[in-house]
Amino acid sequence: LLTHGLPNHLMGSAGSPLISWRDLESMKGQLAHLKNVYMQSCYGDSLSADWMAAGAQSVIGFRGMTANFFFYDVLLKELTRTDGQIDRAFALAKLDFKLIVQSELAYSSFIPALQNTSLDEYLKEIDFPILHLASDSRR
């Protein structure tokens, strides 16, 4: 979910209501088919337990405000290398993030321009999302 967020809420498109923990609570146990949820939004992790209760097998979200817009790309690369093993891909993405961002021109030139800071400062201050796994998702 590539959207803005507030604690316990996701923001939909303009003119749409917020998606809250109450909305997810109303789906409790109904989303057993939902394999992974990735919330790029600020405060996405505040909804992780609600997604898990709704049935998601894994949920990734940021604890507070975030400027780490690039982790998802790195995670997707690792998911292809690990044959979709979300916990392994997540761990590798966290390890590889700095190296990938520093070595690929698209990131190393785009990040300083977008964040108005040096790449080193960005990497020093970056936060990573939190991964939550359902007990049976390690099969």
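Here, the structure is the one placed above.
Residues numbered from 1 in each chain as written. Predicted model: local features only at pLDDT ≥ 70, side-chain atom pairs only at ≥ 80, totals over all residues. Heavy atoms only, no water.

Draft legend 1. Quick look at the side chain of Q40. Tracing the backbone through its elements, the reader meets Q40 in the loop between β4 (36-39) and α2 (48-54). Assessed through its relative accessible area of 8%, Q40 is described here as buried. For Q40, the side chain forms a polar contact with the side chain of Y38, separated by 3.2 Å. At 2.9 Å, the side chain of Q40 forms a polar contact with the backbone oxygen of N68. The residues touching Q40, leaving out its near neighbours within four places in the chain, are L1, L2, T3, F62, T66, N68, F69 and Y72. (Helix = DSSP H or I, 4+ residues; strand = E, 2+ residues; numbered from the N terminus. Buried < 20%, exposed > 50% of the residue type's maximum accessible area, 1.4 Å probe, protein only. Polar contact = N/O pair within 3.5 Å; in protein donor to acceptor, adjacent residues only side chain to side chain. Contact = heavy atoms within 4.5 Å.)

Draft legend 2. Inspection of the nonpolar core at higher detail. Grouped together as the largest cluster of nonpolar side chains are 21 residues, with contacts concentrated most on F71, L75, F97, V101, Y107, I111 and Y122. Going through the elements one at a time, α3 (71-81), α4 (86-103), α5 (105-115) and α6 (119-125) are the ones with two or more residues in this core. Residue contributions to this core peak at seven residues, all from α4. Excluding residues that lie within four positions of it along the chain, L75 makes contacts with Y38, I60, A89, F90 and A93. The next biggest cluster of nonpolar side chains, apart from the first, holds 10 residues, and it includes V37, M39, A56 and V59. (Core = buried A, V, L, I, M, F, W, Y, C linked by side-chain atoms within 4.5 Å.)

Draft legend 3. Spatial organisation of unusual backbone geometry. In this structure, Y43 takes a positive phi of about 60° despite not being glycine. Tracing the chain through its elements places Y43 in the loop between β4 and α2. Here D83, not a glycine, exhibits a phi torsion of approximately 55°, which is positive. Inspection of the secondary structure puts D83 in the loop between α3 and α4. What makes D83 exposed here is its relative accessible area of 72%.

Draft legend 4. Looking closely at the sheet that holds strand β6 (residues 130-133). The three strands lie next to each other as β4-β5-β6, forming an open sheet whose pairing is mixed. In the strand order of this sheet, the two ends are held by β4 and β6, each with one partner. The mean angle between the axes of side-by-side strands here comes to 10°, regardless of whether they run parallel or antiparallel. Alignment of β4 against strand β5 (residues 58-61), held across four bridges, turns out to be parallel. Paired with V37 across the bridge in β5 is V59. (Pairing = 2+ DSSP bridges. Axes fitted to C-alpha atoms, helices over the stretch in contact; angles between N-to-C directions.)

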